[in-house]
Structures are given as structure tokens and as C-alpha cells.
Amino acid sequence: MDIQELRAGIDAVDNQIRDLFTQRMDLSSQIADYKRSNKLPILDRTREREILARLTADQDPDLANYTRMLFKTLFDMSRAYQSARMGESQQLEEQIKSALEASPRKLPQNVTVACQGVEGAYSQIACDKLFASAGVMFMDSFEGVARAVGSGLCDYGILPIENNLYGSVNEVYDLMRKHSFYIVRSIKLRINHSLVVKPGTTDGDIREIFSHEQAIGQCSEFLKKYPNAKVTICENTAMAAKHVAQSDRSDVAAICSAECSELYGLKQLHRDIQNSDNNYTRFICIAKDLQILEGVNKVSILFRVPHRPGSLYEVLSTFATVGVNVSKLESRPIPGHDFDFLFYADVDADCREEQTVKMLCDLTRCTEEMTFLGAYSEA
Ligand SMILES: C=C(O[C@@H]1C=C(C(=O)O)C=C[C@H]1O)C(=O)O
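Residues numbered from 1 in each chain as written. Predicted model: local features only at pLDDT ≥ 70, side-chain atom pairs only at ≥ 80, totals over all residues. Heavy atoms only, no water.

The chain is annotated in an unreviewed UniProt entry as Bifunctional chorismate mutase/prephenate dehydratase of Oscillibacter hominis. Taken verbatim from the UniProt record of the chain, the Subcellular location (unreviewed entry) comment is "Cytoplasm". We quote the UniProt Function (unreviewed entry) comment for the chain here in full: "Catalyzes the Claisen rearrangement of chorismate to prephenate and the decarboxylation/dehydration of prephenate to phenylpyruvate." (UniProt positions renumbered as here; feature names shortened; annotations may be inferred.)

This is the structure we're talking about:
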């Protein structure tokens with residue numbers, strides 16, 4: 001057969017592919033309508049896997065790889081079509097616009113704020129800096145804080161998100177996907193830790209040291225001076241201090257703040273024991289509904305991109321196109337999904353600007369999943 005005939009064959013096949021593609025996209029769009037009415041997510045990975053398995057089952061293995069590539073691209077396009085149909089980006093735009101009109105200018109003061117731990121926790125110190133006269137409710141866990149805000153029990157919640165020496169508080173990042181809340185403010189707190197004991201306990205007595213794992217990590221150099229002491233992780237530094245204060249033992253110590261030491265009647269045996277003086281923890285203040293307060297200059301999002309070359313690049317280039325700096329990019333594995341990751345990004349952008357809203361809408365189109373976590377300023 002000569003090349004002209006072969007190409008005529010390809011043209012005929014292409015016409016069929018084009019018509020079948022149109023038909024497929026039309027069906028996909030109808031599925032989008034069904035999903036919208038039934039509140040179902042766009043992505044159905046199980047269904048996609050089933051399609052790939054069925055189509056490649058009796059194919060030559062070499063060709064099966066190409067079939068997989070072709071259909072993964074078709075799925076991407078089909079989901080993008082569904083998301084445009086469902087108006088995800090339009091919903092986001094409207095949500096931001098109505099929050100800009102309805103939000104208070106500043107954080108209201110006579111409110112209830114959920115903090116993890118007990119009196120004296122660093123979260124409470126962060127809370128005191130943000131709210132002059134808030135009622136604080138202490139929760140057992142970070143998840144408890146997220147739940148208290150989600151259920152409306154508390155107006156706001158404070159959660160630690162990262163430390164510049166020890167890194168991210170992974171549990172809090174994981175909560176952002178599990179619970180629905182928005183970041184409305186963030187605050188950077190300088191952290192100075194002390195080794196505290198009950199009055200009378202001396203360095204030579206110490207056999208066990210209690211603290212939160214972040215504080216233990218931040219004081220790892222100092223802890224080398226106590227090779228014989230067991231290090232025990234607690235939920236919170238304030239809980240560690242309370243535990244030491246209430247213990248009958250005189251061979252225990254805690255790592256916590258100076259404020260906490262005073263609160264529980266303990267003695268600071270050593271101050272400023274963190275590995276570096278440049279030790280900061282960022283806390284986020286969360287609310288159930290989106291609130292965009294005055295002076296916002298940061299935006300946080302959570303997203304997932306498909307497993308194909310260039311998909312993360314596409315997201316990053318969306319930021320680059322509008323000249324937006326990415327101040328943090330974190331990835332977290334998705335529980336139950338092998339080697340599937342979620343990305344969390346903090347970007348320096350002003351949500352009151354049209355181009356930021358447009359950028360966020362563009363992101364809903366080039367990601368498989370994208371959640372707007374809030375627009376806020378950092379103190
Ligand atoms: C069309 C659907 O939505 C998505 C797209 C799919 C496709 O194009 O075949 C399959 C699964 C979903 O991720 C569907 O749920 O069937």
C-alpha cells in the first residue's frame with residue numbers, strides 16, 4: 001500500500017475518533033449533571049481503573065501501555081469538561097466575592113476559641129496575641145479543635161502548622177482534607193523552651209523528660225546532656241508541665257514555655273534550650289466559614305494533580321504567570337491511596353484582586369482536586 005492510501009485510512013479513522021470523542025464527552029457531561037444533583041465527586045478512580053483493565057486485558061502488552069496513556073489523557077479531559085460543566089470555578093469565584101462583602105474587617109473579640117492542650121499551651125499564647133478577650137476552650141487533640149469549629153461549638157480554633165527548625169505539623173495538614181474549615185489568620189510565634197522541674201529536683205535527679213515531639217526535636221542538642229533520661233512524648237508541652245507538677249516523682253522534668261512553668265508552680269532549671277534562637281512556630285486561626293479580613297496577603301490551597309509528566313509544572317506555571325511567589329509547598333500521602341499525594345501551597349497573593357481570583361479558578365481546571373483553604377494575613 002502506498003503512503004497516500006495509508007493516510008487516507010488514518011483520516012477515516014480520525015474522523016471516527018473525533019465523532020466518538022464528541023459522543024464520549026457528551027456522555028461525560030451528562031454524568032456531571034448526575035453528579036451535581038447527587039453531590040458526588042467528579043473523580044472516580046475505581047471506575048477509571050476498571051476501564052483501563054477492561055480495555056487492556058487482551059491487548060498486546062506494548063500496545064497496552066499506549067492505550068493506558070491515551071485513556072488517562074481522555075479521563076483528564078473528561079474530568080476537566082465535567083468540572084467546567086459543574087461550574088466549580090464559578091462557585092469559587094462567587095464564594096470569594098460574597099465573603100469579601102460579608103466578612104468582618106477584623107477578628108471579632110468576644111468569641112470562643114478552641115485550643116489544643118491545657119492552660120499555658122503555646123496555642124493559647126498564640127490565641128492571646130490574636131484575641132484580646134476570647135473565651136478559650138481546651139480540646140484533647142488537634143482533631144478536637146477542628147471538630148469544635150466545624151460543629152459551631154467554637155467560633156475559631158488555633159492550630160500549629162509548622163516550625164522553622166523542625167518542619168510541618170503533619171497531623172494538622174492531614175486535618176485540612178478531612179475537615180472543612182478556612183484559615184482566617186496566621187501568626188508566627190517565637191518559641192523559647194525551658195527545662196522545668198518541681199522545686200527541689202536537680203539536674204542529677206532527672207530520669208525522665210516529658211514534652212511534645214516538636215519541642216523534643218527543637219531541643220535535640222540540649223537533650224544530649226541527659227543520655228540516661230528517658231524522653232517521653234506528650235500531646236502538648238503544657239500537658240507535659242502539668243503532668244510533672246502533679247507527679248509524685250522528683251526525677252521528672254518537662255520541656256515547655258516559661259509561662260507554663262510559672263502557671264504550674266514549676267522551676268526553670270535551664271532556659272532557652274532550643275537548638276537555635278531563631279525558633280518560630282506558625283499557628284493558623286481557623287473558622288467554619290470563609291472570612292476574608294482586611295489586609296489579606298496570603299492564600300492557601302490544597303490540590304491533587306494527575307500522575308503524568310508536567311502536571312505539577314502546570315500548577316506552578318499558573319502561579320508564575322501572574323507573578324505569584326509560592327512561600328510553601330508541602331506534599332502529604334493520601335491515606336488508603338498508594339503513592340498518591342496531596343499538595344498544600346501557601347502563596348503570596350491578594351484575594352481582593354481580580355487576577356488572584358482568576359488564578360484560583362484556573363487552578364480548579366488543571367488539578368484533579370483543589371480546595372481553597374482561605375485568604376489571610378500573617379502577624
Ligand atoms: C465520566 C465519569 O467521571 C470521571 C471520568 C471518567 C471517564 O472519563 O471515563 C471516569 C471516572 C471519573 O473519574 C464517571 O464517573 O463515569
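Within the secondary structure layout, Thr-318 lies in helix H12 (residues 311-321). Only 2.8 Å separates the side chain of Thr-318 from the backbone oxygen of Glu-314, close enough to count as a polar contact. When neighbours within four sequence positions are excluded, Thr-318 is seen to be in contact with Met-359, Asp-362, Leu-363 and Cys-366. (Helix = DSSP H or I, 4+ residues; strand = E, 2+ residues; numbered from the N terminus. Polar contact = N/O pair within 3.5 Å; in protein donor to acceptor, adjacent residues only side chain to side chain. Contact = heavy atoms within 4.5 Å.)

Running from N to C, helix H2 (residues 45-56) and helix H3 (residues 61-86) point in directions that differ by 150°, and their axes come no closer than 10 Å. Between H2 and H3, the angle falls in the class roughly antiparallel. The chirality of how H2 crosses H3 is right-handed. Listed contacts from H3 to Glu-48, Ile-51, Leu-52, Leu-55 and Thr-56 of H2 are Ala-64, Thr-67, Arg-68, Phe-71, Lys-72, Phe-75 and Arg-79. (Axes fitted to C-alpha atoms, helices over the stretch in contact; angles between N-to-C directions. Parallel < 35°, antiparallel > 145°, perpendicular 65-115°, else oblique. Left-handed = near helix turned anticlockwise from the far one by under 90°.)

Turning next to unusual backbone geometry. Not every positive phi belongs to a glycine, and Asp-272 is a case in point at roughly 50°. One can find Asp-272 in the loop between strand E10 (267-270) and strand E11 (280-287).

Membership of the largest hydrophobic core comes to 28 residues, with the highest contact counts inside it found for Ile-96, Val-299, Ile-301, Leu-360 and Phe-372. Looking at this core, the elements that each hand over two or more residues are helix H4 (88-102), strand E12 (298-304), H12, strand E14 (341-348), helix H13 (354-366) and strand E15 (369-376). Per-element accounting of this core gives the leading share, six residues, to H13. Core analysis: the next-biggest nonpolar cluster, separate from the first, contains 25 residues, Met-139, Leu-175, Met-176 and Phe-181 among them. (Core = buried A, V, L, I, M, F, W, Y, C linked by side-chain atoms within 4.5 Å. Buried < 20%, exposed > 50% of the residue type's maximum accessible area, 1.4 Å probe, protein only.)

On to the site of the ligand, then. Close to the ligand lie 13 residues; Arg-24, Lys-35, Asp-44, Glu-48 and Ser-78 are nearest. The contact in question runs from an oxygen atom of the ligand to an N or O atom on the side chain of Glu-48, over 2.6 Å. For the ligand, whose accessible area on its own is 360 Å², the fraction buried by protein is 92%. At a threshold of 2 Å from the grid points, most atoms of the ligand map onto the second largest pocket. For the shell around the ligand, the secondary-structure elements that each account for two or more residues are helix H1 (3-37), H2 and H3. Ranked by the residues each element gives to the shell around the ligand, the list is headed by H3, at four residues. (Near = heavy atom within 4 Å. Areas by Shrake-Rupley, 256 points an atom, 1.4 Å probe, with all protein chains shown as cover. 1 Å grid on protein atoms, 1.4 Å probe; cavity = no way out; pocket = protein on both sides within 12 Å on 5 of 7 lines; lining within 4 Å. Sits in = over half its atoms within 2 Å of the grid points.)

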